[in-house]
Amino acid sequence: LDGAVTYTGELSKLGAGILRLNAAGTGAGGIRVEAGTLNVNNATAVGTGTITLLAGTTLTTDGAGALTLANPIALAGVGARTLTIPNTGGARLTLA
């Protein structure tokens with residue numbers, strides 16, 4: 001999504017596909033990734049809430065520059081999760 005995402009409550013990402021958040025977003029309820037991939041390319045795309053990753057999900061970024069997420073990251077359930085940081089143009093993802 002290239003436009004801002006504005007939401008109240010918790011936003012759930014369902015299904016095996018990729019949800020790309022490219023613009024600043026507002027919301028305090030957080031995003032719960034129940035399946036597939038959450039691709040974050042803006043430091044404020046998720047708003048101020050927690051990013052909750054369930055088993056088998058992935059958090060990625062495509063950015064060519066530094067990206068710092070201030071959001072809390074929660075791991076829910078049992079099983080593996082993947083955090084993908086591309087190695088293109090010196091990109092880095094910082095979880096602060």
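Residues numbered from 1 in each chain as written. Predicted model: local features only at pLDDT ≥ 70, side-chain atom pairs only at ≥ 80, totals over all residues. Heavy atoms only, no water.

Colleague: Got a minute to help me understand the nonpolar core in this structure?
Modeller: A general tendency of soluble globular proteins is for nonpolar side chains to be buried together. In terms of nonpolar packing, the biggest core is built from 14 residues, with L21, I31, L38, V40 and V46 touching the most fellow members. Looking at this core, the elements with two or more residues in it are strand 3 (31-33), strand 4 (37-40), strand 5 (51-54) and strand 7 (66-69). (Core = buried A, V, L, I, M, F, W, Y, C linked by side-chain atoms within 4.5 Å. Buried < 20%, exposed > 50% of the residue type's maximum accessible area, 1.4 Å probe, protein only. Helix = DSSP H or I, 4+ residues; strand = E, 2+ residues; numbered from the N terminus.)

Colleague: Which parts of the structure should I look at to understand the pattern of salt bridges?
Modeller: Side-chain pairs of opposite charge can arise where the charged atoms are in close proximity. The full count for this structure, using the stated rule, is 2 salt bridges. Here D62 makes a salt bridge to R20, at a shortest N to O gap of 3.5 Å. One end of the pair, D62, is in the loop between strand 6 (58-60) and strand 7; the other, R20, is in strand 2 (residues 18-21), and 42 residues separate them in sequence. With a relative accessible area of 43%, D62 lands in the partly exposed category. The class for R20 is partly exposed, based on a relative accessible area of 38%. R32 is the salt-bridge partner of E34, the closest N and O atoms lying 3.3 Å from each other. On the accessibility criterion, R32 (26% relative accessible area) is partly exposed. (Salt bridge = Lys/Arg side-chain N within 4 Å of Asp/Glu carboxyl O.)

Colleague: How should I be thinking about the environment of T26 in this particular structure?
Modeller: Topologically, T26 is positioned in the loop between strand 2 and strand 3. Measuring from C-alpha to C-alpha, the distance between T26 and V46 comes to 6.9 Å, with 20 residues separating the pair along the chain. Not counting residues up to four positions away in its chain, the partners in contact with T26 are V5, T6, Y7 and G47. (Contact = heavy atoms within 4.5 Å.)

Worth remembering: the numbers are spatial, not functional.
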